[in-house]
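Examining the three-dimensional arrangement
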Amino acid sequence: MKINIGQYIPTNSIIHKLDPRTKIISLILLLVALFLIPVSTSSLNLILLGTMFFISIILSMLAKVPIGKLISSLKPLTFLLTFTFIIQMFTIKDGNPIFNNPLSMHLSLSSIAAIILLIVLYNLFKRRLPFRTLLFFILVFLIFYLQYLLPYVKIFTYEFNPTVDSVIRGSFLFFRIMTTILLTSLLTFTTMTTDLNYGFEYILSPLKIFKVRVEVFAMMLSLILRYIPTLLFETEKIIKAQASRGLDFNESKLKDKIMQIIALLIPIFIISITRAEELSDAMEARGYVLGAKRTRIDEYRFRVGDFFGLFLSVGIMATFIVLRILV
Amino acid sequence: MGIKFKNVNHEYQSFSSNEEAIKDINLNVNGTGEFIAILGHTGAGKSTLVQHMNALLYPTSGVVNVFGQDLPPRKKDKVNHLRQKVGLVFQFPEYQLFENTIIEDIAFGPKNFKSTKDKALDNAKKAASAVGIDESMYEQSPFRISGGQMRRVAVAGILAMDPSILVLDEPTRGLDPKGRDEVMDIFKTIHETENKTIVLITHDMDIVSRYAKRVVVLKDGEIVFDGLKEDLFTHPDFNTFNLEVPTTFKLLKALEEKLGIPFKETYTREELTNYLKGVKL
């Protein structure tokens, strides 16, 4: 099973060496700046967005994250990104149309058949082909192109009239989501979970005034992250053990599947509870007291690089705010 | 009929590289009358090998034939029925219990294989008595009994499916010596009375010497020894297998050194005592 959350890539770059608090605060500042850019087609906003995208690419290069990893962190969003783009194309009616005459699109027997054939072919062959994401984009494009191309045996016809604005706004949202994901995954790529945990604890520490037990939440968060792989491993074992007793998800009916989930859930619950009990005993045996003041092996200290990084991100956010107010 | 491995490889995919867990395995397991111990150090591929036997894993290359069905299966071939013929008991099987009562849990397997409720219960009761679960415990919750008893209930859950081949992944792990002997005696009885094939992964050389007939040794995913137990301990390459000798061997070797009693290969406690009775100092 593949999980992309908290996947740390140890390349020991300058970004890795930054204090986790710096990285979290900078991420928040940069995201605020990014979302302060209004969605519009004015060239200033487009330049601002381009700058943010550029910054995130530069940061990834500084962090020496392999390009493959970056792209794979974007992959789960391919569908969402495409969907947003298409919705924009259909809903935004402002601005100049791209085509002189509106395109008439046909949902006809021929085009529907062609689209179904295309999707079936795509699903059959996608496992064996490289550049799957690119193929997906081509598939989406072809689905629309076929509706234009094959008007035979019409069922339903609609007019498709994308404007320049809609394309720009679609791309705008596309890039904004992409930048968000790039920046956020950069944090998890370059920061170990223990460091992240400390960062969150530190940033939330003002809440202690309101008697929120921040350190308990931070500990819970780190334990959850630590136990995800363990529980996945246990789950796989239980699935196999129950499969050996004839429970097979692949070859049974939907009605049976619901009953079968119980055969997985109960053992997994019991294992989790047992593990939790063992863990709490082990923690207490090593002197963990809830709410007691704890020291750390690693002392975190802001260095020159941290101040520089914070200064930069504050600067970027301030510029964006000023531009937003003035323009 | 039985299980035949032909040039089987299995690779686990990981992020950077593919790891070969088992390499070029050729192995025949008869459908009846065998008692095979699979040995090898941690990470040698023992668990991967046995999971091929009931179609939980498919070979990445090569073919496993389980009771006439080739694996990996062609499309539309069903494999679930193979798991009734080859019953696999995992390590720490007590974690797989989930039903309200012990007897229902044991009957879960046969019910999945389309036997009627009465037949499933019959089978469950037979399996329960085979592992020494008393009738008075049938209606208890499987979570309120001791660890050793949970293990028996879990084993009974597999036995109730009436498999031809019983595959066990370290069935005695985490049990005390008495529990170990009791569990092993259950398998021995099943093997002797019903002539079922038993395949068993273990690290315990005393279990090997006492119960197994045939031994398969894995090293780094490859089979380095496949033959009778009697041939294993005298094999010229025995030292390269990273295995221990059984207690009976250790004892007799020590006696030979200290008291000059000549060494003889004995495999069980009874053989050892019989031999020692006949020795004249």
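Here the structure is a predicted model, which is why all the values come from computation and not from measurement.

Cut-offs applied
- Residues numbered from 1 in each chain as written.
- Chains lettered and ligands numbered in written order.
- Predicted model: local features only at pLDDT ≥ 70, side-chain atom pairs only at ≥ 80, totals over all residues.
- Contact = placed C-beta atoms within 7 Å.
- Helix = DSSP H or I, 4+ residues; strand = E, 2+ residues; numbered from the N terminus.
- Nonpolar A, V, L, I, M, F, W, Y, C, P; charged D, E, K, R; others polar.
- Axes fitted to C-alpha atoms, helices over the stretch in contact; angles between N-to-C directions.
- Parallel < 35°, antiparallel > 145°, perpendicular 65-115°, else oblique.
- Domains from an automatic or database assignment.
- Buried ≥ 20, exposed ≤ 12 C-beta atoms within 10 Å, placed from the backbone.
- Core = buried A, V, L, I, M, F, W, Y, C linked by C-beta atoms within 7 Å.

Overview of the interface of chain B and chain A
- Contact with chain B, which involves 20 residues of that partner, is made by 17 residues of chain A.
- Where the side of chain B that touches chain A is concerned, the elements lending two or more residues are helix H2 (82-85), strand S6 (86-89), helix H3 (102-112) and helix H5 (147-159) of chain B.
- The biggest single contributor to the side of chain B that touches chain A is H3 of chain B, with three residues.
- Tallied by class, the residues present in the side of chain B that touches chain A amount to ten nonpolar, eight polar and two charged.

Thoughts on the packing of helix H2 (residues 20-36) of chain A against helix H8 (residues 164-190) of chain A
All names here are of chain A.
- The geometry of H2 relative to H8 is characterised by a closest axis approach of 11 Å and an angle of 180° between their N-to-C directions. It follows from the interaxial angle that H2 and H8 lie roughly antiparallel. Residues Lys-23, Ile-24, Leu-27, Leu-30, Leu-31 and Leu-34 of H2 form the contact with H8, whose own contacting residues are Arg-176, Thr-179, Thr-180, Leu-183, Thr-184, Leu-187 and Thr-190.
- In the contact of H2 with H8, the residues fall into seven nonpolar, four polar and two charged.

Examining the domain arrangement of chain A
All names here are of chain A.
- According to the domain assignment, chain A contains domain 1 (1-98 + 162-191 + 300-327), domain 2 (102-160) and domain 3 (214-285).
- On a C-alpha basis, the centres of domain 1 and domain 2 stand 32 Å from each other.
- Within the side of domain 1 that touches domain 2, the residues separate by chemical class into one nonpolar, two polar and one charged.

A few points about the environment of Gly-305 of chain A
Residues and elements named next belong to chain A.
- With respect to the helices, strands and loops of the structure, Gly-305 is situated in helix H12 (residues 304-326).
- Owing to 14 C-beta atoms within 10 Å, Gly-305 belongs among the partly exposed residues under this scheme.
- Put simply, Gly-305 and Leu-18 are 287 residues apart on the chain and 6.8 Å apart in space, counted from C-alpha to C-alpha.
- Not counting the four nearest positions on each side in its chain, Gly-305 is found in contact with Ile-14, Lys-17 and Leu-18.

Some remarks on the environment of Ile-261 of chain A
All names here are of chain A.
- Positionally, Ile-261 belongs in helix H11 (residues 254-285).
- On the neighbour-count criterion, Ile-261 (12 C-beta atoms within 10 Å) is exposed.
- Sequence separation between Ile-261 and Leu-247 is 14 residues, and the spatial gap between their C-alpha atoms is 9.7 Å.

Some remarks on the nonpolar core
- Of all hydrophobic cores here, the largest spans 75 residues; its most connected members are Ile-38, Ile-106, Ala-156, Val-167 and Val-199 of chain B.
- A total of seven residues in this core trace back to one element, the largest contributor, which is H5 of chain B.
- Beyond its immediate chain neighbours, meaning those up to four positions away, Val-199 of chain B contacts Val-29, Ile-36, Ile-38, Val-50, Met-53, Ile-165 and Val-167 of chain B.
- By size, the runner-up hydrophobic cluster in this structure holds 16 residues, among which are Ala-33, Leu-183, Ile-316 and Phe-320 of chain A.

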